[in-house]
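# Structural overview
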There are 2 protein chains.
Amino acid sequence: MGDNNNVKLPPGFWFCPSDEELIVHFLHRKISLLPCHPDVIPDLHLHHYDPWDLDGKAMTGGNKWYFYSRRTHETSRITNNGYWKPLGVDETILSTSNHNLGMKKYYTFYMGQPPQGHKTNWLMQEYSHISNSSPSPSSSRRRRSQSKTDYSKWVICRVYESNCDSDENDDPELSCLDEVFLSLDDLDDDEISLIN
Amino acid sequence: MGDNNNVKLPPGFWFCPSDEELIVHFLHRKISLLPCHPDVIPDLHLHHYDPWDLDGKAMTGGNKWYFYSRRTHETSRITNNGYWKPLGVDETILSTSNHNLGMKKYYTFYMGQPPQGHKTNWLMQEYSHISNSSPSPSSSRRRRSQSKTDYSKWVICRVYESNCDSDENDDPELSCLDEVFLSLDDLDDDEISLIN
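Heads up: these notes are all about the structure in this document.

Criteria and cut-off values
- In this numbering scheme, every chain counts its residues from 1 along its sequence in written order.
- Chain letters and ligand numbers both follow the written order, the letters beginning at A and the numbers at 1.
- For this predicted model, a pLDDT threshold of at least 70 governs which residues receive local features, and a threshold of 80 or more governs which side-chain atom pairs are given and counted, while totals over whole chains, interfaces and linings are taken from all residues.
- For side-chain calculations, the full set of non-hydrogen atoms in the structure is used, while hydrogens and water are omitted.
- For helices the rule is a DSSP run of H or I covering at least 4 residues; for strands it is a run of E covering at least 2, with both sets numbered from the N terminus onward.
- Note on exposure labels: buried denotes an accessible area under 20% of the residue type's maximum, exposed denotes more than 50%, and partly exposed covers the range between, all computed with a 1.4 Å probe on protein chains only.
- For two strands to count as paired, DSSP must find a minimum of two bridges between them.
- Contacts are assigned to residue pairs that have any heavy atoms within 4.5 Å of one another.
- Interaxial angle, 0 to 180 degrees, is taken between N-to-C directions of lines fitted to C-alpha atoms, where a helix line uses only the stretch in contact.
- A carboxyl oxygen of Asp or Glu within 4 Å of a side-chain nitrogen of Lys or Arg is what we treat as a salt bridge.

## Points about unusual backbone geometry
A cis amide bond links B:His37 to the next residue, B:Pro38, at an omega of -10 degrees. When you line up the elements, B:Pro38 lands in the loop between helix H1 (19-31) and strand E2 (59-60). Each neighbour pair has its own omega, and for B:Pro114 with B:Pro115 the value is 0 degrees, a cis peptide bond. Tracing the backbone shows B:Pro115 in the loop between strand E6 (100-111) and strand E7 (118-129). Even without a glycine there, the phi angle at A:Asn98 is positive, about 70 degrees.

See below:
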């Protein structure tokens, strides 16, 4: 998939993958050269885009943007107007059956030149597969990582603007209003009849 | 669509329609006899199913079940093991441009025989279109409602078990943890390099 991503989901449908889905169903298939249906996450060069320029380029889901990028070893990544800096917080992603699937690393976006940039509220989560986040990859994966295309170095980036209030309101239906309704007294006991 | 609904979405995709999407993109199209792509919401007889029997029959999205049903005028609806009783709370559904689209009515499920049933934490939201929730439908809609099939009397039901904790955790990524990470001091200022 190229640099122009305009995936339009039908009304009512959202792209909202879990950590496990991102690694198992997207990153693993990318690394393993398996087809991914639907192929919605594009490959982007992280340093080509400031986070606010990702809209229309990366896959969108609930005010978050997703793309594949090549994993690099440096700790910060420069864009046109700033840079991504690691928070130094890494999470191990476990499957529901408690297997280690990979890592999630956090980055914050800074405006300006490093190291004097101005911190913003843009965040990035970078997902790497166990095959390139573990010190002891399997032999088959090691062979693949040494191939010409070096697919094991793909990561998935999830970029979003941190805002607890708006995050929790992604789905306007999910509120505690239901509990209030449940506690209301019933108003009447009209006739009961079946739907025909 | 029949009584057996096994729509399987690709990993990462969720069915999570807003009030406006349910009325405009699903109910309105149903009433207007327009095709709906994808046609994921089935027609069910409300009184055939206790709420916990809807799984595999109704369309699922985030621990909520969706189906079309015929609108009736009675205030409670009997199922095999209980009945739905109105809470007496109606909401007007407005579009983003502030137009009246329809109504949302709340029901609670009671186990047992009315009116001595035992209240459960199962809730139902019943969505009706403006054409059958307004006292003055347009003439074209009135003509349609008088047709043999009487499609204007369709409603959409969204059934779910009320539980604030689980509702808010539908998306495990949406937490205030991000704010904590943002407040952390940066750990180091290693070299900046571009992704090749």
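## A closer look at the pairing of strand E8 (residues 154-161) of chain B
Residue and element names in this part refer to chain B. Among the eight residues in E8, seven count as buried, and that is most of the element. Direction of pairing for strand E3 (residues 64-70) relative to E8: antiparallel, over a ladder of seven bridges. Along E8, the bridge assignment pairs Lys64 with Tyr160. By the bridge criterion, six bridges tie E7 to E8 in an arrangement that is antiparallel. In the strand pairing of E8, Met124 is matched with Val159.

## Regarding the sheet that holds strand E5 (residues 82-94) of chain B
All names here are of chain B. Strand order in the open sheet made by the seven strands is E2-E3-E8-E7-E6-E5-E4, with antiparallel pairing throughout. Each edge of the open sheet carries a strand with a single partner, namely E2 and strand E4 (77-78). Sheet contacts for H1: E3, E5, E6, E7 and E8; angle to E7, the most-contacted strand, approximately 60 degrees.

## Concerning the pattern of salt bridges
Scanning all chains against the criterion turns up eleven salt bridges over all chains. When the shortest N-O distance is used, the salt bridge between A:Arg158 and A:Asp19 registers 3.6 Å. Highlighted residues: A:Arg158 in strand E8 (residues 154-161) and A:Asp19 in helix H1 (residues 19-31), separated in sequence by 139 residues. Relative accessible area serves as the criterion here: at 12%, A:Asp19 is assigned to the buried category. B:Asp90 is the partner of B:Lys105 in a salt bridge, and the nearest nitrogen-oxygen pair spans 4.0 Å. Residue B:Lys105 is found in strand E6, and its partner B:Asp90 is found in strand E5; the two are separated by 15 residues along the sequence. The network of salt bridges with shared partners includes A:Asp19, A:Glu91, A:Lys104 and A:Arg158.

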